[in-house]
Amino acid sequence: MRRSIAFVCASIAKRFLLLHRHPLHIRAPPSSTLCGLRAFSNHRETLRSDLRNLHLNEALDLFTRMSHSRPLPSLGDFTRLLSAIATMDEEEEERYDVVISLFDQMRRIGVSPLLYTCNIVINCLCQSSQPYTAFAFLGKMMKLGFEPDVFTFTSLLSVFCNRNRVDDAVALFVKIVEIGCRPNVVTYTSLVHCLCKNRHVDHAVELFKQMETDGVRANVVTYNSLVTGLCDCGRWGDAALLLRDMMERRIGPNVITFTALIDAFVKAGKVLDALELYEVMREMSIEPNVFTYNSLINGFCMCGCLDDAMRMLYWMESKGCLPNIVTYTTLIHGFCKSRRVEDGVRLFNEMSLKGLAANTVTYTVFIQGYCLVGKPNVAQEVFNQMGSRNAPPDIRTYNVLLDGLCYNGKVEKALMIFEYMCKREMDVSIVTYTIVIQGMCKVGKVEDAFDLFCSIFSKGMKPNVVTYTTMITGFCRRGLIHEADALFRKMKEDGFLPNERVS
């Protein structure tokens, strides 16, 4: 088994050196035996109390007293302290460094670790900023005579999962099984979550089934990872079946389960189904959180039910759930989309009074709203103010402004902004080009639009079906049927299927 483990980790461990950490200096020991006995008594009292309220500096002081006590405290006492430090709310990197340093000092003062102690250290290394040093520590563990167990391997697996290294994670999981180490629910769940996060949902489902076949019972975290992954891929039907499966197996869904499904139903346009789930959630005494309410508010806004959206805002506040910037931006977008920009401004002012600062998305929504109601000049004023309000415009903001200006016939202004974007070497995409081409065609500048269309290829980009359709429509409106037909054939040669608009 040792050779198998070494083979798994050698290719990784040899590429990374263990950090040269500076050990924490222990203060000079008390001079008298009486002080040592008193320290021994004091540390036992502290360890018997609740360590969850212990701060890092207090933990270091406790370690110092323990290390100077005679007789030395037991390994169990030292391990309990290390475990408490590892789970503190302090700065992560600092506490992980402390655990690793204290582990080395334990060994220097003659306290021999157990596998459990080593697993605490390896987990800290895996969570640190240089997690690959955990593989080097694995070699150190094995030299001390410890055989890694499922907890060791699960920590190592998290290194790959947390960094979305799917192939490495799967390879390590396979090797864990091959050497006869039986994965537990945490091991399976880590890999299921990694696969779902990287949109390998079918593989995650297969692993989930394998987990059940192997006799490892999934928990709510496993189900939540899979439900969220299916929902993110638009497979809300499969996710709903998983919810039913959870209930049949008496695995209680929580707010994460319901929120993922509610959001998926909303995005699929099934707002009534989302509301039914919300009612089921309340009947089960599961309290919705801000993400749940935001999804429902978004659903109401998508179907134009703005009064219902506002009622949901007031309801969440009455339940002690504070709306955030996403809540207000969603509502503002709903009002702007319905051409009720002034109502959006009222919400903006309400939001500001509550101390919530608008972000880039909020301002972009207003730009779109003002353009929609025929006020492109006001939209540009909002755009010009964004930088001074710590919400710099992004590429989507520029695209929305360009589209709004073209929509209102201000194509020359749009072209000036587009030229500025190109000179600044901004991340101009095919979406940006398509907006400008459409604007030029709209005001009859079809030849100029086609020149811009042809320049796309020299920029290393390719037109998509929308770009082709826009240009073909421009030719048709000018009566340039031959040119339109030639471009239509070129579009099919490039592998794009014509939509109803061009066929």
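First things first, this report covers the structure right here in the doc. Owing to the predicted nature of the structure, the values given are computational and were not obtained by experimental measurement. (Residues numbered from 1 in each chain as written. Predicted model: local features only at pLDDT ≥ 70, side-chain atom pairs only at ≥ 80, totals over all residues. Heavy atoms only, no water.)

**What about the overall build of the protein chain?**
A count of helices and strands for the protein chain gives 27 helices and 0 strands. The 503 residues of the protein chain split such that 46% are buried. Taking as baseline every contact in the protein chain between residues at least 6 positions apart, the subset at least 24 positions apart corresponds to 63%. Counting every atom, the protein chain has about 25700 Å² of accessible surface; 54% of that belongs to carbon and sulfur. (Helix = DSSP H or I, 4+ residues; strand = E, 2+ residues; numbered from the N terminus. Buried < 20%, exposed > 50% of the residue type's maximum accessible area, 1.4 Å probe, protein only. Contact = heavy atoms within 4.5 Å. Areas by Shrake-Rupley, 256 points an atom, 1.4 Å probe, with all protein chains shown as cover.)

**Some words on the packing of aromatic side chains**
Within the structure shown, the criterion is met by 17 aromatic pairs. Look at Phe63 and Phe78: their rings are 5.6 Å apart centre to centre, the planes differ by 70°, and that puts the pair in the edge-to-face class. Within this pair, whereas Phe63 is found in helix α3 (residues 56–67), its partner Phe78 is found in helix α4 (residues 75–86), the two being separated by 15 residues in sequence. Under the relative-accessibility criterion, Phe78 is labelled buried at 1%. For the pair Phe348 and Phe366, a centre-to-centre distance of 5.6 Å together with 80° between the ring planes defines the contact as edge-to-face. Here Phe348 is found in helix α19 (residues 341–353), whereas its partner Phe366 is found in helix α20 (residues 360–372), with 18 residues between them in sequence. (Phe/Tyr/Trp six-rings, centres within 6.5 Å; stacked < 30°, edge-to-face > 60°.)

**Some remarks on the nonpolar core**
Judged by nonpolar contacts, the single largest core of 155 residues is most densely connected at Ile85, Leu156, Leu226 and Met471. Per-element accounting of this core gives the leading share, 8 residues, to helix α14 (residues 255–267). Apart from residues lying up to four places away in sequence, Met471 is in contact with Ile437, Cys441, Val446, Ala449, Phe450, Phe453 and Leu487. (Core = buried A, V, L, I, M, F, W, Y, C linked by side-chain atoms within 4.5 Å.)

**What about the side chain of Ser158?**
Among the structural elements, Ser158 can be located in helix α8 (residues 150–162). Not counting residues up to four positions away in its chain, the partners in contact with Ser158 are Cys126 and Gln127.

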